[in-house]
Amino acid sequence: MTAQWQATQVVPVSTFEHVVPSRLLAQLNETINIERDGWRPRDGRRASDLARQFAELLRTTHAFSTMEANVRASARHWYTSTFGHEPHSDPLYVLRCVNRDMPFQSYLRHFDSHVLTLLISLQTVGEDKKNGDLVVRLKQRQRFSALSHFVIKSWLFVEHRLPLALRRIVIASDEILRGYVRIPCTPGNVYIFNGFITLHHNLNVSTGERRSLIIHYYDPEMAMAPRRLLRRVQTLIDRANYRF
Ligand SMILES: [Fe+2]
């Protein structure tokens, strides 16, 4: 039977409802129940083979495969018109299983390395302010270069090392200035956004375990450019030292 789904949009995130059939959802969660004790770290972020298998199972359903093809085509068009060449990276598959023992995984604002992010909600933990929901900044970045990407990544690297309480204050201040929106997730729904230009983070989890499958597509490899830039600067410094 073909699942029924529809797309709604809370800028900048599109929601596709009821994409994952409940029977498949139960099967994925049961597989996680069996395997998660062996994960190191326990949040599943390195269980990429399992995440890829989950994605393949989802692609056997008409609802997911149709939706994925549509959003990939749209993101590919954005990538090509923005960067002037075709993307060539493989998708990146991530499982994210977070509970109350992982507060350090919350309030970590970031831009994704990839242009398209699919968040498939597998399991949620209530609706209060500590349920791990996705939060996105409403205003997306319009301009970026290798240098600006490097600068913002460097700042966020520092911010991520602040204590949780301080990170929350920093984000709350920015929320007043720029506006963020919380995306309440429902298991079986798929949430889609351009994580490369949309600053986002997750709330912390106070009880139970929140589970998501995340698939990233189309990496413009902007992180490579700052590294090349730093190497070039280092070479110039080395030459100058040699001369004098
Ligand atoms: Fe992300």
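Remember, it's a predicted structure, so these values are computed and weren't measured experimentally.

## Details of unusual backbone geometry
Cis geometry is found at the peptide bond from Arg 40 to Pro 41, where omega equals 0°. By secondary structure assignment, the location of Pro 41 is in the loop between helix H1 (22–35) and helix H2 (48–59). The backbone of Tyr 107 sits at a positive phi, close to 55°, despite the residue not being glycine. Here Tyr 107 lies in the loop between strand S3 (92–99) and strand S4 (116–123). With phi around 70°, Tyr 218 is a residue other than glycine that occupies positive phi space.

## Some thoughts on the sheet that holds strand S5 (residues 134–137)
Pairing in this open sheet of three strands is antiparallel, and the strands run S6-S5-S8 from one edge to the other. This sheet does not close on itself; its edge strands, each paired only once, are strand S6 (180–183) and strand S8 (200–202). Neighbour-to-neighbour, the strand axes of the sheet open up by a mean angle of 25°, direction not taken into account. Sheet analysis places S5 next to S8, joined by three bridges and oriented antiparallel. Counterpart to Val 135 in the pairing with S8 is His 201.

Quick notes on the rules
- Residues numbered from 1 in each chain as written.
- Predicted model: local features only at pLDDT ≥ 70, side-chain atom pairs only at ≥ 80, totals over all residues.
- Helix = DSSP H or I, 4+ residues; strand = E, 2+ residues; numbered from the N terminus.
- Pairing = 2+ DSSP bridges.
- Axes fitted to C-alpha atoms, helices over the stretch in contact; angles between N-to-C directions.

By themselves these figures say nothing about function.
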